[in-house]
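Fold and contact review
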Amino acid sequence: MTELGGFQDHVARIDLSSGEVNYEGIDEEDAKQYLGARGLGVKYVFDQGPDVDPLGPENLLAFTNGPLTGTQVVMSGRIAVCTKSPLTGTVTDSHHGGWSGARLKWAGFDGLLFEGQAEEPVYAVVEDGEVELRDASHLWGRDFHEVRDTLEEECEGSYGKNLSVMGIGQAGENGVKFACIMNEDDRASGRGGTGCVMGSKNLKAIVVKSNTKMPKPADPETFRTGHQQAMQVIQESEVTAPNEGGLSLYGTNVLMNISEEMDGLPTKNGRYTSTGSYSDDEGVEIDAEHVSGENVRENILVDEPTCHSCPVACKKEVEVSTSHKGEDMNVRMESYEYESAWALGPNSGHTDRDDIAVMIDRCNDHGMDTIETGNIMAMAMEMTEEGTFDDLGEGIDWGNSEAMIELVTKIATRETKLAEHLGEGQRHMVDRFDAENNSLAVKGQAIAAYDPRCMKGMGIGYATSNRGACHLRGYTPAAEILGIPEKVDPYEWRGKGELCATFQDMHAISDSFDICKFNAFAEGVEEYVLQYNGMTGLDVSEEELMQAGERVYNLERYYNNLNGFDADDDSLPARFLEGGIPGQGASEGQYCELEEMKEEYYDHRGWVDGVVSEEKLDELGIDVGPGTGVSLNDRGSAAAPSDD
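Every chain is numbered independently, its residues counted from 1 as its sequence is written. Where local features are concerned, this predicted model is filtered to residues with pLDDT of at least 70; where side-chain atom pairs are given and counted, the filter is 80 or more; whole-chain, interface and lining totals use all residues. Note that the side-chain values use all heavy atoms of the structure and ignore hydrogens as well as water.

A few words on the sheet that holds strand β9 (residues 163-167). Within a sheet, neighbouring strands are paired by backbone hydrogen bonds and run either parallel or antiparallel to one another. When DSSP finds two or more bridges between two strands, those strands count as paired. What counts as a helix is a DSSP run of H or I of at least four residues, what counts as a strand is a run of E of at least two, and both are numbered from the N terminus. Strand order in the open sheet formed by 6 strands is β8-β7-β12-β9-β10-β11, and the pairing between neighbours is mixed. The sheet is open, and its two edges are formed by β8 (130-135) and β11 (188-189), each paired on a single side. Where strand β7 (residues 122-127) and strand β12 (residues 203-209) come together, 5 bridges link them in parallel fashion. Opposite Ala-124, over in β12, you have Ile-206 as the bridge partner. Residue contacts are counted whenever heavy atoms from the two residues lie within 4.5 Å of one another. With axes taken as lines fitted to C-alpha atoms, and helix axes fitted only over the stretch in contact, angles between N-to-C directions fall between 0 and 180 degrees. Here helix α4 (residues 144-154) sits on the sheet and contacts β7, β9, β10 (181-183) and β12; the angle it forms with β9, its principal contact strand, is near 145°.

The definition of a nonpolar core used throughout is a set of buried Ala, Val, Leu, Ile, Met, Phe, Trp, Tyr and Cys residues joined through side-chain atoms within 4.5 Å. Only protein chains enter the accessibility calculation, which uses a 1.4 Å probe; a residue whose area is less than 20% of its type maximum is buried, one above 50% is exposed, and one in between is partly exposed. In this structure, Tyr-336, Met-377, Ile-411, Tyr-450, Tyr-462, Phe-513 and Leu-545 are the most contacted members of the largest nonpolar core, which totals 145 residues. Residues within four places of Met-377 in sequence aside, it is in contact with Leu-344, Met-359, Ile-396, Met-404, Leu-407, Val-408 and Ile-411. Leu-16, Phe-63, Met-198 and Ile-206 belong to the second largest nonpolar core, which has 26 residues in total.

Ordered in space as β2-β1-β6-β3-β4-β5, the 6 strands form an open sheet in which the pairing is mixed. Only two strands of the sheet have a single neighbouring strand rather than two, namely β2 (20-24) and β5 (91-96). Direction aside, the axes of adjacent strands within the sheet are offset by 15° on average. Judged from the 4 bridges that link them, strand β3 (residues 61-64) and strand β6 (residues 111-115) form a sheet pairing that is antiparallel. Of the residues in β6, the one forming a bridge with Ala-62 is Leu-113.

This part covers the environment of Arg-414. Positionally, Arg-414 belongs in the loop between α14 (401-413) and α15 (417-422). Separated by 244 residues in the primary sequence, Arg-414 and Gln-170 place their C-alpha atoms 9.5 Å from one another. Not counting the four nearest positions on each side in its chain, Arg-414 is found in contact with Asn-174, Gly-175, Val-176, Glu-420, Gly-423 and Glu-424. Polar contacts involving the side chain of Arg-414 include one to the main-chain carbonyl oxygen of Asn-174, which spans 3.2 Å. Contacts described as polar in this section are N or O atom pairs within 3.5 Å, which, within protein, must combine one atom able to donate a hydrogen with one able to accept it, while residues neighboring in sequence count only if both atoms come from side chains.

In structure tokens form, the structure reads like this:
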């Protein structure tokens, strides 16, 4: 039990096999050691034991918020979903914004821990400190938006006022390894296949009903000082200042033109480093500007909704009118994000702005990670070009956005042989078709919209991310592109190992609070400490808080070590490690010096061959705990999900 401010000291443990719901408090020592949200969620998953089948009933699916969630802290509306990933076999945490995290806190909970497997589809209703399971058979097979609207009516709430819905679409039901969990505002816990785990448990949705009962800080004066300081730096930052530019005007897609101009936008499955560096064999040119934040704002923007306690309003709701297969279509969806636009556009060989909006909307309908979906289709396009699928009698050509729209639904429903294979993810494609050279994945998860031949820090970031290739574990483009906290040369590898580790620890803190990473474009550890101490009533130093972030990252790495992951898995796709990039941009001839950066990174971390040392575990006070049942001395091979 804990008396720390910011916590409700109330967690529900739901056994879906029996339907039993038990309630427990938060262990105060764990809360101090791992902060909340991501940190505590990963600790719950760790204590469940690493040797579990990601799609088995013993795997834990943890929804956790943090001590700053649902408070006055700017951008504090996020929630973490932690589990063992069916896509990678690693521990994963995936976050979404909107209002779900805040409402879960206001409903009286720090977390919901789902284990077991329901015999028939169910959904959970969370209200006034209690959880109730209800029949969801009438919702099974329906897309997320239909489910959201149905549950709003059934639960007599309004997702614009007092109700949040988190749930899955057909992709999660059908075991697509990169299925995600959506919420009412089209926010997604997108990466790692969290929706696939939810579907394996026959859990269709979670409804959270609450009034706005914002937690009060334990030390109001310290909190007030930190909050005022944070607001000031956010309003002064060129990146986060409301209505001044950057994220506020163009959303995350402000990066499209910037990355293109830097020659750091992976294009055509990473064959090129910008859309300006090639034309396809038929002379069809593509242009990243067509799908940029500036273009979107000028032509198809209709609204700019926001998440809890956020003045930035980076979400860019759009509406497009287009035609598909001869039928007129009108799509309104939230939001046109940089990563989604890149994966479903330039990396797949086209820049049809409106068709990309349709694809994003379909991914949201079906509950499917847009980044992974775009990457797997680009991989399939390259393999089609090489004749890999000739025996299947299927394939998809570069830049065929009409076919891509159809393929999104086919993957979610497992409609064809090709779609069945694609739904298993890139690791399966590599193993089944000997397609290592076509894959842009690390540990089974595909890269994001930053080319590691241009941004070397992103190379070591992709390789050492604990949840597979990811830009959000350690966002070095903040320094390489935006100059935050200071500008560094994106083409220089030296110093990037230490820089990446620092960013990884900082983001482990913000994810555990749980606040938006965009805070870090303005705030630093000083603002974090003041707000955290003010809310909880603790008196931690900046060094102690940074060590907490390091502890979270090392616990995740240790979990992966226990599943057989080591330095060999901290790799990059071969095309990023070789020079001779075609084109005429600044990245021409560049490659990512991964091995040099890994040596620097491991030395800074105190790891041996990618494995957390016993000395580091002792230094950070990481207790193996009774749940694991294994030590580093008896690690097995990597527990990757099978193809069955």
